[in-house]
Amino acid sequence: MSVPIVLDLLGTFFFAISGSLLAARRGFDVVGSLLLGSLTGLGGGVIRDVILGVTPNAFANPVYLAPPVVAAILVYFLSGSVARFPRTLLVFDGGGLALFCVTGTVIALERGANPVAAAVLGVTTAVGGGLLRDVVANRDPQLFDPHDLYAVPAMLGAAVIAVVWSVGGYNPWTETAAAALVFAFRMLSLRFRWHVPLAAVSRHTV
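This is a predicted model, so every value here is computed, not measured.

### Some points on the packing of aromatic side chains
Okay, step 1: A full pass over the atoms with the stated rule returns 7 aromatic pairs.
Okay, step 2: With a centroid separation of 5.7 Å and an interplanar angle of 65°, the aromatic rings of Phe-14 and Phe-92 are classed as edge-to-face. Taken as a pair, Phe-14 in helix 1 (residues 3–25) and Phe-92 in helix 5 (residues 88–110) lie far apart in primary sequence, 78 residues in all.
Okay, step 3: With a relative accessible area of 24%, Phe-92 lands in the partly exposed category.
Okay, step 4: With a centroid separation of 5.4 Å and an interplanar angle of 55°, the aromatic rings of Phe-15 and Phe-100 are classed as tilted. Of this pair, Phe-15 sits in helix 1 while Phe-100 sits in helix 5, and the two are 85 residues apart along the sequence. The burial state of Phe-15 is the same as that of Phe-100; both residues are buried.
Okay, step 5: Over the aromatic face of Phe-192 sits the side chain of Arg-191, whose NZ or CZ is 5.2 Å from the ring centroid.

Put into structure tokens, the structure is as follows:
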């Protein structure tokens, strides 16, 4: 397996873990956990591939179905231990976000998208699964939380990959480094509660 595919599968696994963890917290059964994990891990990539007009990796390559199954099994047996660490879902979500924003951009570039469109599709890959997860689980989407930078790290990672690709500097090592940068940025934003300005300046009427 090539490094990009390994990173893509790892991102699928991380996002699937976050989906199964949320299912456990919401009291879903094991089938619900598997389905929510699959939706989270595969949803963003399916959206990207449909936009690109190709058969989604989730359907073209059966190996992509393995990470959600493994994630659901792990959460089933380890949910008690995981519950002691309430931020675990955010850590796995951050890992999936970091990996998917770079692998999604690379896949789009390999399929002929221009760098700007590829970066947009990389961000879509990164945030799509989490958005679907939150909507299906009837939770306010993390993507629209005004006290969170959820999409910003993904934008950074996708932009870095698009620029590196454009100047001929792309290789598996730069892809891995970009993912590590995005993950560190995401974890720091959670630690220090960074956020961007609201859509409109708040005005108080006297």
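### Brief notes about the environment of Phe-14
Okay, step 1: Given the relative accessible area of 22%, Phe-14 is considered partly exposed.
Okay, step 2: It is 5.0 Å that separates the C-alpha atoms of Phe-14 and Gly-96, two residues lying 82 residues apart in sequence.
Okay, step 3: In this view, Phe-14 contacts Phe-92, Gly-95, Gly-96 and Leu-99; residues no more than four positions away in its chain are not counted.

### Remarks on a nonpolar patch on the surface
Okay, step 1: A cluster of nonpolar side chains, contributed by Val-30, Val-31, Leu-35, Val-69, Val-70, Ile-73, Leu-74, Tyr-76, Phe-77 and Leu-78, occupies part of the molecular surface with about 950 Å² of accessible area.
Okay, step 2: Contributing elements (two or more residues each) for the nonpolar patch: helix 2 (30–52) and helix 4 (66–82).
Okay, step 3: With 7 residues, the top contributor of residues to the nonpolar patch is helix 4.

### Section: the packing of helix 2 against helix 6 (residues 115–136)
For any two helices packed against each other, one specifies the crossing angle of their axes together with the interaxial distance.
Okay, step 1: Here helix 2 crosses helix 6 at 140°, and the two axes come no closer than 7 Å. One element, helix 2, and the other, helix 6, form an angle in the oblique class. The two elements helix 2 and helix 6 cross, and the hand of that crossing is right-handed. Note on element contacts: helix 6 touches helix 2 through Leu-121, Thr-124, Thr-125, Gly-128, Gly-129, Gly-130, Leu-132, Arg-133 and Val-136, opposite Leu-36, Leu-39, Thr-40, Gly-43, Gly-44, Gly-45, Ile-47, Arg-48, Ile-51 and Leu-52.
Okay, step 2: In the contact of helix 2 with helix 6, the residues fall into 8 nonpolar, 9 polar and 2 charged.

### With respect to helix 1
Okay, step 1: The first and last C-alpha atoms of helix 1 sit 33 Å apart over 23 residues, in line with the 33 Å expected at 1.5 Å per residue.
Okay, step 2: A positive phi of about 80° marks Gly-27, the residue just after helix 1.

### Let's talk about the pattern of salt bridges
Okay, step 1: This structure, assessed with the given rule, holds 6 salt bridges.
Okay, step 2: The partner of Asp-49 in a salt bridge is Arg-111, with the nearest N and O atoms 2.7 Å apart. Here Asp-49, found in helix 2, pairs with Arg-111, found in the loop between helix 5 and helix 6; they are 62 residues apart in sequence, far enough to count as distant.
Okay, step 3: Relative accessible area serves as the criterion here: at 35%, Arg-111 is assigned to the partly exposed category.

### What to know about the packing of helix 7 (residues 151–166) against helix 8 (residues 172–192)
Okay, step 1: One can describe the packing of helix 7 onto helix 8 by two numbers: an axis separation of 9 Å at closest approach and a directional angle of 160°. It follows from the interaxial angle that helix 7 and helix 8 lie roughly antiparallel. In the packing of helix 7 onto helix 8, the handedness of the crossing is right-handed. For the pair helix 7 and helix 8, the contacting residues are Val-152, Pro-153, Ala-154, Leu-156, Gly-157, Val-160, Ile-161 and Val-164 in the first and Thr-174, Glu-175, Ala-178, Leu-181, Val-182, Phe-185 and Arg-186 in the second.
Okay, step 2: Residues of the contact of helix 7 with helix 8, tallied by class, amount to 11 nonpolar, 2 polar and 2 charged.

### Quick notes on the nonpolar core
Okay, step 1: Judged by nonpolar contacts, the single largest core of 27 residues is most densely connected at Leu-97, Cys-101, Val-102, Ala-126, Val-127 and Ile-161.
Okay, step 2: Taken together, the elements giving at least two residues each to this core come down to helix 1, helix 5, helix 6, helix 7 and helix 8.
Okay, step 3: Sorting elements by how many residues they give to this core places helix 5 first, with 9 residues.
Okay, step 4: What Leu-97 contacts, discounting residues up to four positions off in sequence, is Phe-15, Ala-126, Val-127, Tyr-150, Pro-153, Ala-154 and Arg-186.
Okay, step 5: By size, the runner-up hydrophobic cluster in this structure holds 11 residues, among which are Leu-22, Ala-71, Val-75 and Leu-89.

About the cut-offs
- Residues numbered from 1 in each chain as written.
- Predicted model: local features only at pLDDT ≥ 70, side-chain atom pairs only at ≥ 80, totals over all residues.
- Heavy atoms only, no water.
- Phe/Tyr/Trp six-rings, centres within 6.5 Å; stacked < 30°, edge-to-face > 60°.
- Helix = DSSP H or I, 4+ residues; strand = E, 2+ residues; numbered from the N terminus.
- Buried < 20%, exposed > 50% of the residue type's maximum accessible area, 1.4 Å probe, protein only.
- Lys NZ or Arg CZ within 6 Å of the ring centre and 35° of its normal.
- Contact = heavy atoms within 4.5 Å.
- Patch = residues over 30% accessible without salt bridge, like charges linked within 9 Å, V, L, I, M, F, W, Y side chains within 5 Å.
- Areas by Shrake-Rupley, 256 points an atom, 1.4 Å probe, with all protein chains shown as cover.
- Salt bridge = Lys/Arg side-chain N within 4 Å of Asp/Glu carboxyl O.
- Axes fitted to C-alpha atoms, helices over the stretch in contact; angles between N-to-C directions.
- Parallel < 35°, antiparallel > 145°, perpendicular 65-115°, else oblique.
- Left-handed = near helix turned anticlockwise from the far one by under 90°.
- Nonpolar A, V, L, I, M, F, W, Y, C, P; charged D, E, K, R; others polar.
- Expected span 1.5 Å × (residues − 1).
- Core = buried A, V, L, I, M, F, W, Y, C linked by side-chain atoms within 4.5 Å.

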